[in-house]
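Residue-level structural notes
These are the residues of each chain, in order.
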Amino acid sequence: MDRMDGAEEQIAHLTRAVEDLSEVVARQSKDIERLSRRVGLLLEREAEREADSGGGIPLADQRPPHW
């Protein structure tokens, strides 16, 4: 039965690890959603600012400097 006890203990540890990782993934998913919304708002705000200043090509439409 010692082998069975070891397997049960290992399963318990693995189950706990999976639960912990699931919580981490759920939290990270919420963080990504929140940050994506913030980036979208910042892009909109910057586009409006550039349009109001009447200057050149909007930043979102410019090619990155490494191209």
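Residues numbered from 1 in each chain as written. Predicted model: local features only at pLDDT ≥ 70, side-chain atom pairs only at ≥ 80, totals over all residues. Heavy atoms only, no water.

1. Some points on the overall build of the protein
- Of regular secondary structure, the protein possesses one helix and zero strands.
- Looking at the protein residue by residue over its 67 residues, the buried ones come to 1%.
- Total accessible area computed for the protein in this model is approximately 6500 Å², and 58% of it derives from carbon and sulfur atoms. (Helix = DSSP H or I, 4+ residues; strand = E, 2+ residues; numbered from the N terminus. Buried < 20%, exposed > 50% of the residue type's maximum accessible area, 1.4 Å probe, protein only. Areas by Shrake-Rupley, 256 points an atom, 1.4 Å probe, with all protein chains shown as cover.)

2. Quick word on the pattern of salt bridges
- In total, this model carries four salt bridges according to the counting rule given.
- Between Asp 31 and Arg 34 there is a salt bridge; the shortest N-O distance is 3.7 Å. Here Asp 31 and its partner Arg 34 are both found in helix α1 (residues 2-53), three residues apart, which amounts to about one turn of the helix.
- Connected through shared salt-bridge partners, Arg 16, Glu 19 and Asp 20 make up one network. (Salt bridge = Lys/Arg side-chain N within 4 Å of Asp/Glu carboxyl O.)

3. Focus on a negative patch on the surface
- Taken together, the side chains of Asp 2, Asp 5, Glu 8 and Glu 9 make up a negatively charged region of the molecular surface.
- Summarising the element assignment, Glu 9 is placed in helix α1. (Patch = residues over 30% accessible without salt bridge, like charges linked within 9 Å, V, L, I, M, F, W, Y side chains within 5 Å. Lys, Arg positive; Asp, Glu negative; His and termini not counted. Charge placed at Lys NZ, Arg CZ, Asp CG, Glu CD.)

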